[in-house]
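Descriptive analysis of the structure
Single-letter residue listing:
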Amino acid sequence: MRRLLAGLTAGTFLLVGTACGSSGDDSADAGASSGGTTTVKLGLIPIVDVAPIYLGQKKGFYSKHGLKLSLSTAQGGAAIVPGVASGQFQFGFSNVTSLLVAQSTGVPVKAVANGIASTGVEGKDFSALMVKKGSPIKSPKQLEGKKVAINTLKNINETAVRESVRKAGGDPDKVNFVELAFDQMPAALDSGQIDAASVVEPAQATVKSQGGVVIATPIVDVAKDTTVALYFTSAQYQQQHPDVVKKFQEATAESLAYADAHPDEVRQIVTTYTKIPASVLAQVTLPKWPAEPNRASIEALAKLGEQDGLFKKTPDVDALLP
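Values in this document were obtained by computation on a predicted structure and should not be read as measured data. (Residues numbered from 1 in each chain as written. Predicted model: local features only at pLDDT ≥ 70, side-chain atom pairs only at ≥ 80, totals over all residues. Heavy atoms only, no water.)

**Some points on the overall build of the chain**
The test is simple: Where helices and strands are cited, they refer to DSSP runs of H or I of at least four residues and of E of at least two residues respectively, numbered from the N terminus. The rule is simple: take the accessible area with a 1.4 Å probe, protein chains only, and divide by the maximum for that residue type; under 20% is buried, over 50% is exposed, in between is partly exposed. Note on contacts: a residue pair qualifies if any of its non-hydrogen atoms lie within 4.5 Å across the two residues. All accessibility values rest on the Shrake-Rupley procedure with a 1.4 Å probe; residue burial counts only the protein chains present in the view.
Scanning the chain from N- to C-terminus turns up 14 helices and 13 strands. The buried share of the chain, taken over its 322 residues, is 56%. A separation of at least 24 residues holds for 80% of the contacts in the chain among residues at least 6 apart in sequence. Accessible area for the chain stands at about 12,700 Å²; split by element, carbon and sulfur atoms hold 49% of it.

**Considering the pattern of salt bridges**
Applied cut-off: The salt bridge criterion pairs a side-chain nitrogen of Lys or Arg with a carboxyl oxygen of Asp or Glu, the two atoms within 4 Å.
The full count for this structure, using the stated rule, is 11 salt bridges. Here Glu 265 and Lys 59 are joined by a salt bridge, their closest N and O atoms 3.3 Å apart. Here Glu 265, found in helix α11 (residues 263-270), pairs with Lys 59, found in helix α1 (residues 51-59); they are 206 residues apart in sequence, far enough to count as distant. On the accessibility criterion, Lys 59 (36% relative accessible area) is partly exposed. Where Glu 163 meets Arg 166, a salt bridge forms, and the shortest distance between an N and an O atom there is 2.7 Å. One end of the pair is Glu 163 and the other is Arg 166, both in helix α5 (residues 156-167) and three residues apart, which spans about a single turn. On the accessibility criterion, Glu 163 (12% relative accessible area) is buried.

**Digging into the packing of aromatic side chains**
Applicable threshold: Stacked, edge-to-face and tilted labels apply to pairs of Phe, Tyr and Trp rings (six-membered ring for Trp) whose centres lie within 6.5 Å, assigned for plane angles under 30 degrees, over 60, and everything in between, in that order.
Counted by the stated rule, this structure contains seven aromatic pairs. A ring pair is formed by Tyr 54 and Tyr 273, whose centres lie 4.0 Å apart and whose planes are at 10°; its orientation type is stacked. Residue Tyr 54 is located in helix α1, and its partner Tyr 273 is located in the loop between α11 and β13 (274-275); the two are separated by 219 residues in the primary sequence. Exposure class is identical for Tyr 54 and Tyr 273. Each is buried.

**A closer look at the sheet that holds strand β11 (residues 213-216)**
Selection criterion: A pair of strands is treated as paired once DSSP finds two or more bridges between them. Axes here mean lines fitted to C-alpha atoms, for a helix over just the part in contact, with angles spanning 0 to 180 degrees between N-to-C directions.
The sheet built from five strands is open, its strands ordered β9-β8-β10-β7-β11 with mixed pairing. On the outer flanks of this sheet lie β9 (176-179) and β11, each paired with one strand and no other. Here the average twist between neighbouring strands, direction ignored, is 35°. Across four bridges, strand β8 (residues 147-150) lies against β9 in parallel orientation. For Ala 149, the partnering residue across the bridge sits in β9 and is Val 178.

**Structural notes on helix α13 (residues 295-307)**
The criterion, for reference: Each helix should span, by expectation, one fewer than its residue count multiplied by 1.5 Å.
A rise of 1.5 Å per residue sets the reference length of α13, with its 13 residues, at 18 Å; its end C-alpha atoms lie 18 Å apart and thus fit the reference within 8%. Where α13 is buried, its residues meet α4 (96-104), α5, α8 (218-222), β12 (227-234) and α14 (317-320). Following α13 by one or two positions, Gly 309 has its phi on the positive side, about 75°.

**A word on unusual backbone geometry**
A cis amide bond links Glu 201 with the next residue in sequence, Pro 202, at an omega value of 5°. Mapped onto the elements of the fold, Pro 202 is located in the loop between β10 (196-200) and α7 (203-209). Of note, Lys 154 is a non-glycine position whose phi angle comes to about 55°, a positive value. Relative to the elements of secondary structure, Lys 154 occurs in the loop between β8 and α5. A residue is classified by how much of its surface remains accessible, and Lys 154, at 47% relative accessible area, is partly exposed. In the Ramachandran plot, Asp 225 falls in the positive-phi region, its phi being about 50° despite a non-glycine side chain. Along the chain, Asp 225 falls in the loop between α8 and β12.

In structure tokens:
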């Protein structure tokens with residue numbers, strides 16, 4: 001996808017471009033064992049959502065299950081999907097809508113573990129639609145004809161913002177969506193190069209520190225306790241390496257549970273793969289990391305995506321979910 005506003009400077013924090021999640025040679029063939037340990041490559045977005053992975057590594061959950069993670073980061077799930085499909089990564093993290101888009105076009109992706117869920121609380125979610133301090137925009141309806149940043153086009157954030165605009169009485173087809181990395185949104189919003197931004201943590205906390213205002217919580221508008229993202233693999237890899245997939249599922253389940261129960265450690269681990277001031281980090285709204293995806297919310301996302309013309313054919317939710 002073409003990247004718009006590529007020349008914008010970063011915000012008050014910079015995300016690490018590549019996170020080295022393992023020591024040793026990252027070029028080792030995935031699936032090859034050394035001393036009983038299998039190295040797998042995992043594609044992530046460097047945001048709060050994936051904190052359980054970093055915590056799981058630190059706590060030894062993956063090594064306990066015989067896995068060594070080699071982590072690479074991307075701007076959004078839409079970029080990670082082809083990486084998994086091509087075998088560049090064995091596992092990936094992606095928003096539900098991007099996975100549904102892939103599934104509807106015949107890309108054989110398969111969710112293997114839950115990723116992240118909304119808090120379900122309007123105005124207090126880890127994701128928000130925000131405008132700069134002093135903006136005349138008070139409602140999503142006023143975004144008609146305005147420039148709104150999302151991390152990648154045709155993903156869950158576009159679906160959710162469209163729903164917020166629709167619920168506010170506006171026409172989402174009149175919104176000018178532009179693609180911009182989360183870490184670039186605070187500066188772009190503050191300088192007026194965009195009118196609004198669909199941000200997630202820690203970018204949301206940065207925008208708030210600049211005086212930015214939340215005008216909607218789009219993920220909450222989609223459904224109650226929306227499942228936002230999932231960890232997934234390719235159908236081929238799952239068939240060829242069911243033992244590795246099972247190990248990844250078990251270790252990730254432990255990591256999700258630990259993160260959900262230890263918010264202070266989540267905030268601390270975020271500092272290891274993003275550069276965010278402690279004063280801003282304290283304001284970060286954490287998501288939920290439930291053990292299982294919320295099927296009803298995934299069906300709602302599929303319905304909205306179809307309504308907005310994101311799919312070539314109706315996606316098969318059963319085929320996607322574990």
